[in-house]
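# Summary of the model geometry
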Amino acid sequence: MTHNAFTYRAMAWLIATLIMFSGEVVMASSLRLADPSELAGEWQVYLKSAPQNICALKLEQNQIVAGDIECLAGWLSETPIGWFPEPDGLSLTGKEGSRIIHLGRQQEGRYQSTKPSDPQIVLQRVPD
């Protein structure tokens, strides 16, 4: 009887360990860092509260922001110059390379600022 109790306890620990490990693997794969080429292209950006005011942006493959950046700069603390992918979205950067704003991935082709202190900006891929 003591032998069976030890076996059940060992099996319970083994199963718990496997579940935790598989959960970490699933989480890591869901937060895959996008390649810049996947995000490069034509985008539109607007304030969530005013979707009629749209700025046209282009995320270049060399991670430069092009297009109507002055329009977007009016909503931010400085003019965005670059961008980089992050596991949970993408960030726009200023001329010093520091992050201006983080945009979290909401769904395929749609990103939105998530910090309450940031303007509620939506970045959406222009359909082909």
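Given the structure is predicted, the values throughout are model-derived calculations rather than measurements.

Right, let's get into the overall build of the chain. Scanning the chain for helices and strands turns up three helices and eight strands. Taken from the N to the C terminus, the helices and strands of the chain come in the order α-α-β-β-β-α-β-β-β-β-β. Across the 128 residues that make up the chain, the buried fraction comes to 33%. For the chain, the share of sequence-separated contacts (at least 6 apart) that also reach a separation of at least 24 residues comes to 31%. A total accessible area of about 8400 Å² is found for the chain, and carbon and sulfur atoms account for 58% of it.

All right, on to the side chain of Ser113 then. Looking at the element boundaries, Ser113 is found in strand β7 (residues 110-113). Overall, Ser113 belongs to the buried group, its relative accessible area being 1%. A distance of 2.6 Å separates the side chain of Ser113 from the backbone oxygen of Pro119, its partner in a polar contact. At 2.9 Å, the side chain of Ser113 forms a polar contact with the backbone nitrogen of Ile121. If we skip the residues at most four places from it in the chain, Ser113 touches Ile101, His102, Leu103, Asp118, Pro119, Gln120 and Ile121.

Right, let's talk about the state of the cysteines for a bit. Counted according to the given criterion, the structure contains one disulfide. What pairs with Cys55 in a disulfide is Cys71, and their sulfur atoms sit 1.7 Å apart. Its S-S torsion of approximately -55° makes the covalent link between Cys55 and Cys71 left-handed. Here Cys55 is found in strand β2 (residues 50-59), whereas its partner Cys71 is found in helix α3 (residues 69-73), with 16 residues between them in sequence. Its relative accessible area of 0% is what places Cys55 among the buried residues. Taking relative accessible area as the criterion, Cys71 reaches 25% and is therefore assigned partly exposed.

About the criteria used
Residues numbered from 1 in each chain as written. Predicted model: local features only at pLDDT ≥ 70, side-chain atom pairs only at ≥ 80, totals over all residues. Heavy atoms only, no water. Helix = DSSP H or I, 4+ residues; strand = E, 2+ residues; numbered from the N terminus. Buried < 20%, exposed > 50% of the residue type's maximum accessible area, 1.4 Å probe, protein only. Contact = heavy atoms within 4.5 Å. Areas by Shrake-Rupley, 256 points an atom, 1.4 Å probe, with all protein chains shown as cover. Polar contact = N/O pair within 3.5 Å; in protein donor to acceptor, adjacent residues only side chain to side chain. Disulfide = S-S within 2.5 Å.

This is a description of form; function is not addressed.
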